[in-house]
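Descriptive analysis of the structure
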Amino acid sequence: MKKVSMIILKILLIAVIFAASLVLLVWGGLNIAKFFIYSDYYSSKTNICKNPGIHDNFVCQGIAVSEENEKILVCGYMTDKTNSRIYVTDSDNDSYYVNLTRDGEVFTGHAGGMAITGDTVYLANGSKLYTFSLSEILSLNNGDSVDIGKGTKVNNSASFVYSDENYVYVGEFHDGGKYVTKHPYQTNDGLYHAIITKYSVNDLTTPIKIYSVRDKVQGACFTPDGKVVLSTSYGLSDTVYYVYNEADAIDSGLTLDGAPLYYLNGCVKEMKGPAMGEDLDYYEGKVITLTESASDKYIFGKFFFANKIVAIEF
């Protein structure tokens, strides 16, 4: 009987070793395959630093760079429904977080996008742009709180935001299912449902220009050399980056809230990357971004080393 038990134990051990080896083989194969599947992405990107908070129930959404202070800010929400956060990090991975409150109360919003102009931080969430002080955030200690105020209502659902020295661009996310917007326009490239609204940094109440954009946009970057880069993703599908020349945008002849409506026309570059790509910003001549796939909520990105903030050259 003892001999039979030993045989069964050996068989089980062999089966476990075989299963583990198979898992490692598949995992290793997929990690090699990704470089071929997303060859343009991996040949164009460089790692900046670790994506902070991916082991803290934090789900990253927005990213913004302060080149003057050599700091990168990452905003997002918490799966345990505690205060949404902003992590402050740098190229040395020296990071800390601050909790967000809104008008003195706990803020648990999606915190979908973030941008910085001078000392002003813009946070996009729920059809509003919230503004607060960068210097205040940089003066805080780990776990302290910053209040984002009451916010300013904009003319779209405010899922993401980008800014430069003069303008703020706030846009919305549409997937036709859980997230539905109210701005359908028939463009030369098909029916689009979302918009990006351009405002002056001095006036977040009066739209200057409207861009009709494709569905599932998670972030936008208006580069100094005239490009418009959009990141699109949802669920486990590939992140797709679309690049346009802003000068090629077509005036539709329509207006929205007093501002002319333009169609982004003629994508000049399309590039696929790993799933769950999020917000964009501009950093040292490149577009900086991150994915939420390595957060504790989704996990799988941890196995594919999608745990970095990266810069992509378009």
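Our subject is the structure listed above.
Given the structure is predicted, the values throughout are model-derived calculations rather than measurements.

Definitions and limits used
- Position numbers for residues count from 1 along each chain, tracking the sequence in the order it is written.
- Residues qualify for local features only when their pLDDT is at least 70, as the model is predicted, and side-chain atom pairs are given and counted only at 80 or more; totals for whole chains, interfaces and linings, by contrast, use all residues.
- Hydrogens are left out, water is left out, and the side-chain values use all remaining heavy atoms of the structure.
- The rule is short: rings of Phe, Tyr and Trp, with Trp giving its six-membered ring, pair when the centres are within 6.5 Å, and they are stacked under 30 degrees, edge-to-face over 60, tilted in between.
- A run of DSSP states H or I qualifies as a helix once it reaches four residues; a run of E qualifies as a strand once it reaches two. Both are numbered from the N-terminal end.
- For the exposure calls, accessible area comes from a 1.4 Å probe over protein chains only, and a residue counts as buried if that area is under 20% of its type's maximum, exposed if over 50%, partly exposed in between.
- As defined here, a cavity is a set of points on a 1 Å grid over the protein atoms alone where a 1.4 Å probe fits but cannot get out. A pocket is an open set with protein on both sides within 12 Å along at least five of seven lines, and residues line them when an atom is within 4 Å of a point.
- Grid points are joined across faces, edges and corners, and a volume is the space filled by probe spheres set on the points.
- Three residue categories are used. Nonpolar comprises Ala, Val, Leu, Ile, Met, Phe, Trp, Tyr, Cys and Pro, charged comprises Asp, Glu, Lys and Arg, and polar comprises the others, including Gly.
- A strand pair is defined by DSSP finding two or more bridges across the two strands.
- The convention used is that axes are lines fitted to C-alpha atoms, helices contributing only their stretch in contact, and that angles between N-to-C directions extend from 0 to 180 degrees.
- For this analysis, a polar contact is any N or O atom pair within 3.5 Å, provided that within protein one partner can donate a hydrogen and the other can accept it, and provided that sequence-adjacent residues contribute only side-chain to side-chain pairs.
- Any two residues whose heavy atoms approach within 4.5 Å at even a single point are treated as in contact.
- Nonpolar core, defined: a set of buried Ala, Val, Leu, Ile, Met, Phe, Trp, Tyr and Cys residues in which side-chain atoms within 4.5 Å join the residues together.

**Some points on the packing of aromatic side chains**
On inspection of all chains with the given rule, the structure shows 13 aromatic pairs. Between Tyr-169 and Phe-222 the ring centres are 3.9 Å apart and the planes differ by 10°, which places this aromatic pair in the stacked class. With Tyr-169 in strand S13 (residues 167-171) and Phe-222 in strand S18 (residues 217-222), this residue pair connects regions lying 53 residues apart in the sequence. Pairing Phe-173 with Tyr-234 gives two aromatic rings, centres 5.6 Å apart and planes at 45°, and the pair type is tilted. Of this pair, Phe-173 sits in the loop between S13 and strand S14 (185-187) while Tyr-234 sits in the loop between strand S19 (227-232) and strand S20 (239-245), and the two are 61 residues apart along the sequence. Relative accessible area serves as the criterion here: at 9%, Phe-173 is assigned to the buried category. One aromatic cluster is present, formed by Tyr-41, Tyr-42, Tyr-241 and Phe-314 through successive ring pairs.

**Re the layout of surface pockets**
Rolled over the atoms, a probe sized like a water molecule indicates the empty space that remains. A volume near 510 Å³ is recorded for the largest pocket. If you go around the largest pocket, you meet 26 residues; those closest to its centre are Gln-61, His-110, Phe-173, Tyr-179 and Gln-218. Mapped onto the lining of the largest pocket, the elements with two or more residues apiece are strand S8 (120-125) and S18. Per-class residue counts for the lining of the largest pocket are eleven nonpolar, eleven polar and four charged.

**A word on the sheet that holds S18**
Strand order in the open sheet formed by four strands is S18-S19-S20-S23, with antiparallel pairing between adjacent strands. Each edge of the open sheet is held by one strand with a lone partner, namely S18 and strand S23 (269-273). Adjacent strand axes in the sheet meet at a mean angle of 15° when their direction is disregarded. Of the strand pairs in this sheet, S18 and S19 are connected by five bridges, and their pairing is antiparallel. Bridged to Phe-222 within S19 is Val-228.

**With respect to the side chain of Ser-293**
Relative to the assigned elements, Ser-293 resides in the loop between strand S25 (286-291) and helix H4 (300-303). Only 3.3 Å separates the side chain of Ser-293 from the side chain of Thr-291, close enough to count as a polar contact. Apart from the residues within four sequence positions on either side, Ser-293 is in contact with Ala-275, Met-276, Tyr-298, Ile-299, Phe-300, Gly-301, Lys-302 and Ala-306.

**Focus on the nonpolar core**
Ranked by size, the top nonpolar core spans 31 residues in total, and within it Tyr-41, Ile-196, Tyr-211, Val-213, Phe-222, Leu-230 and Leu-264 carry the most contacts. Secondary-structure elements contributing two or more residues to this core are helix H2 (39-44), strand S12 (160-163), strand S16 (194-200), strand S17 (209-213), S18, S19, S20 and strand S26 (308-312). Here the element with the most residues in this core is S20; it accounts for five residues. Those residues in contact with Phe-222, other than ones at most four positions away along the chain, are Tyr-162, Tyr-169, Ile-196, Tyr-211, Lys-227, Val-228 and Glu-246. In terms of nonpolar packing, the next biggest core, distinct from the first, is built from 21 residues, Ala-111, Ile-116, Val-121 and Leu-134 among them.

**A look at unusual backbone geometry**
In the Ramachandran plot, Asp-103 falls in the positive-phi region, its phi being about 50° despite a non-glycine side chain. Mapping Asp-103 onto the fold places it in the loop between strand S5 (96-102) and strand S6 (105-106). Phi angles above zero are rare outside glycine, and Ala-158 is one such case at about 55°. Examined against the element boundaries, Ala-158 turns out to sit in the loop between strand S11 (152-153) and S12.

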